[in-house]
Amino acid sequence: MKLDDLARQVGARSRLTGEFVLRSGRVATEYFDKYQFEADPVLLDALAEQLVALVPTGTEVLAGLEMGGIAVVTALGRHTGLPCAFVRKTAKRYGTARLAEGAAVAGRRVLVVEDVVTSGGQVVLSTRELRSLGARVDAAVCVIDRQEGGSEALAAEGITLRALLTRADLGAPNGRTTP
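Reading the values: rules and limits
- Residues numbered from 1 in each chain as written.
- Predicted model: local features only at pLDDT ≥ 70, side-chain atom pairs only at ≥ 80, totals over all residues.
- Heavy atoms only, no water.
- Helix = DSSP H or I, 4+ residues; strand = E, 2+ residues; numbered from the N terminus.
- Buried < 20%, exposed > 50% of the residue type's maximum accessible area, 1.4 Å probe, protein only.
- Contact = heavy atoms within 4.5 Å.
- Areas by Shrake-Rupley, 256 points an atom, 1.4 Å probe, with all protein chains shown as cover.
- Lys, Arg positive; Asp, Glu negative; His and termini not counted.
- Charge placed at Lys NZ, Arg CZ, Asp CG, Glu CD.
- Pairing = 2+ DSSP bridges.
- Right-handed = clockwise from strand over helix to strand, strands pointing away.
- Salt bridge = Lys/Arg side-chain N within 4 Å of Asp/Glu carboxyl O.
- Disulfide = S-S within 2.5 Å.

Peer 1: Please set out the overall build of the chain residue by residue, giving values where relevant.
Peer 2: For the chain, the helix and strand inventory stands at six helices and nine strands. Along the longest, intermediate and shortest principal axes, the C-alpha atoms of the chain span 40 × 40 × 30 Å. Per-residue burial over the chain gives 46% buried out of 179 residues. Nonlocal contacts in the chain, meaning residues at least 24 apart in sequence, comprise 61% of its contacts between residues at least 6 apart. Element-wise, carbon and sulfur atoms account for 52% of the exposed surface of the chain, whose accessible area totals about 8500 Å². Averaged over its 22 positive side-chain charges, the chain has a centre that lies 4 Å from the centre of its 21 negative ones.

Peer 1: Let's hear about the environment of Phe 32: which residues, and what values?
Peer 2: The topology assignment puts Phe 32 in strand β2 (residues 27-32). Note on Phe 32: relative accessible area 3%, which makes it buried. Distance in space between the C-alpha atoms of Phe 32 and Val 143 is 11 Å, their sequence separation being 111 residues.

Peer 1: For the pairing of strand β7 (residues 136-145), give the residues involved together with the corresponding values.
Peer 2: Of all ten residues that make up β7, eight are buried, and the element is covered over most of its length. With eight bridges connecting them, strand β6 (residues 109-117) and β7 associate as parallel partners. The partner of Leu 111 across the bridge, within β7, is Ala 139. Once you follow β6 into helix α5 (residues 121-132) and on to β7, the crossover reads as right-handed. Pairing analysis gives six bridges linking β7 to strand β8 (residues 160-166), with the strands arranged parallel. Note that in β8 the partner of Ala 140 across the bridge is Leu 161. Running through helix α6 (residues 150-155), the crossover from β7 to the neighbouring parallel element β8 is right-handed.

Peer 1: Give a detailed account of the pattern of salt bridges, specifying residues and quantitative values.
Peer 2: One pass over the full model with this rule turns up 14 salt bridges. Between Asp 5 and Arg 8 there is a salt bridge whose closest N-O contact spans 2.5 Å. Of this pair, Asp 5 and Arg 8 are both found in helix α1 (residues 3-14), three residues apart, which corresponds to roughly one turn of the helix. Across the pair Glu 101 and Arg 88 runs a salt bridge, and its minimum N-O distance is 3.6 Å. Placement of Glu 101 in strand β5 (residues 100-102) and of Arg 88 in the loop between β4 (84-87) and β5 is noted, with a sequence separation of 13 residues between them. Taking relative accessible area as the criterion, Arg 88 reaches 24% and is therefore assigned partly exposed.

Peer 1: Tell me about the side chain of Gln 122, residues and numbers included.
Peer 2: Checked against the element boundaries, Gln 122 lands in helix α5. Residue Gln 122 is classed as buried on the basis of its relative accessible area, which comes to 10%. In this structure Gln 122 touches Arg 23, Leu 65, Lys 89 and Glu 114, once residues within four positions along its chain are discounted.

Peer 1: Describe the state of the cysteines, naming the residues involved and giving the relevant values.
Peer 2: The term disulfide refers to a covalent linkage connecting the sulfur atoms of a pair of cysteines. On inspection of all chains with the given rule, the structure shows zero disulfides. Free cysteine: Cys 142, not disulfide-bonded; nearest cysteine sulfur from Cys 84 at 17 Å.

Peer 1: Kindly report on the pairing of strand β1 (residues 15-21), identifying the contributing residues and their values.
Peer 2: Inspection of the sheet shows β1 paired to β2 by five bridges, in the antiparallel sense. Residue pairing for β2: Thr 17 is matched across the bridge by Glu 30. In textbook terms, the turn of a hairpin is the stretch between consecutive antiparallel strands, and for β1 and β2 this stretch comprises five residues, one of which, Gly 25, has a positive phi near 95°.

Right, here's the structure in full:
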């Protein structure tokens, strides 16, 4: 499936208008309901197939961020054959008590995988945690970049963001968030 067709499908399926509080605390008049494309196995598979081209050479582990990044990383892993780690927002206090489940990350080149990036805050936090575990992280991929400063915030942390789609690709107006 062509990227333009995917953008149209993702936009039609997941772009909502109204008033929404984002993770960053900002209020937006549009929202990308990522679960609408993640819950559709055919659409998710087509997105993962396109994401493969954004995986940097030398990547050893794909690390999906809780919760939406888990579906994306699993689909992407199927197309790349790379092992996956599932990264929690905080390490659980029971069982294995791990922050990252699945593939080992220590000493390996890890690509962070996220569904939607707005401010980049969760990617920054999770990357810091992964690095503290010994992961080498210098890039992240996402399905949608809302183009609201996430790429710049990640660059300040030494992380290059590679987005499959942007707000502009989805026909969404630029900006329109309030503090």
